[in-house]
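Below are the chains, spelled out letter by letter.
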Amino acid sequence: MNIEKWSKGIDAMFERQKEIDNKLSPSKGEMQYVMGFARAIAEKANYIQFTSAIAHEGIIAFEEAQKIIDWQKEQLKQDMKYLQRYLGEEDEGK
């Protein structure tokens, strides 16, 4: 097999993938961030749920639980803001 033909074939394949990726929004690279923020949002929601559960069980005081929940909500809002940015919804006020 001719190395030059092989190299051109590989280059053409990568160029085609790049063209497809440029047509998609979010792009393949941005999807890593979208998935990361989605995981972080789910994680923080779980923290809030867990904090609420242990407060209801009497393991921690409600006042302390509320402080933790309020802090997690602020963190959650930041992650949602970043996720909206990657989804292109930042300027739409969503």
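Predicted, not measured: the structure shown is a model, and the values here were computed from it.

*Asks:* Sorry, what's going on with the overall build of the protein chain here?
*Replies:* Looking only at helices and strands, one finds 3 helices and 0 strands in the protein chain. Counting every position in the protein chain, which comprises 94 residues, the buried fraction comes to 18%. Within the protein chain, contacts between residues at least 6 apart in sequence are counted, and of these 59% link residues at least 24 apart. Accessible surface, the protein chain: about 7600 Å² in total, of which carbon and sulfur atoms supply 56%. Of the charged side chains in the protein chain, 14 are positive and 17 negative, and the gap between their average positions amounts to 6 Å.

*Asks:* Help me understand the packing of helix H2 (residues 28-56) against helix H3 (residues 62-87) in this model?
*Replies:* The description of two helices packed together rests on the angle between their axes and the distance between the axes. At a closest axis distance of 9 Å, the pairing of H2 and H3 adopts a crossing angle of 165°. The angle between the axes of H2 and H3 places the two elements in the roughly antiparallel class. Considering how the two elements wind past one another, H2 and H3 form a crossing that is left-handed. Looking at the contact of H2 with H3 residue by residue, the class counts come to 18 nonpolar, 5 polar and 4 charged.

*Asks:* Looking at this structure, how should I read the environment of Ser25?
*Replies:* As for its placement among the helices and strands, Ser25 is situated in the loop between helix H1 (3-23) and H2. Assessed through its relative accessible area of 69%, Ser25 is described here as exposed. Separated by 48 residues in the primary sequence, Ser25 and Lys73 place their C-alpha atoms 28 Å from one another.

*Asks:* In this structure, what is going on with the pattern of salt bridges? I would like to understand it.
*Replies:* Close approach of charged atoms allows side chains with opposite charge to pair. Scanning the model with the defined rule gives 4 salt bridges in all. With its nearest N and O atoms 3.4 Å apart, the salt bridge here joins Glu4 to Lys8. On the criterion of helical spacing, the pair formed by Glu4 and Lys8 is a turn pair, its members being 4 residues apart in helix H1. Of the two residues examined, Glu4 and Lys8, each falls in the exposed class. Asp70 is the partner of Lys73 in a salt bridge, and the nearest nitrogen-oxygen pair spans 4.0 Å. Of this pair, Lys73 and Asp70 both sit in helix H3, separated by 3 residues, roughly a single helical turn. With a relative accessible area of 36%, Asp70 lands in the partly exposed category.

What counts and how
- Residues numbered from 1 in each chain as written.
- Predicted model: local features only at pLDDT ≥ 70, side-chain atom pairs only at ≥ 80, totals over all residues.
- Heavy atoms only, no water.
- Helix = DSSP H or I, 4+ residues; strand = E, 2+ residues; numbered from the N terminus.
- Buried < 20%, exposed > 50% of the residue type's maximum accessible area, 1.4 Å probe, protein only.
- Contact = heavy atoms within 4.5 Å.
- Areas by Shrake-Rupley, 256 points an atom, 1.4 Å probe, with all protein chains shown as cover.
- Lys, Arg positive; Asp, Glu negative; His and termini not counted.
- Charge placed at Lys NZ, Arg CZ, Asp CG, Glu CD.
- Axes fitted to C-alpha atoms, helices over the stretch in contact; angles between N-to-C directions.
- Parallel < 35°, antiparallel > 145°, perpendicular 65-115°, else oblique.
- Left-handed = near helix turned anticlockwise from the far one by under 90°.
- Nonpolar A, V, L, I, M, F, W, Y, C, P; charged D, E, K, R; others polar.
- Salt bridge = Lys/Arg side-chain N within 4 Å of Asp/Glu carboxyl O.

Functional significance is not addressed by these values, which are geometric in nature.
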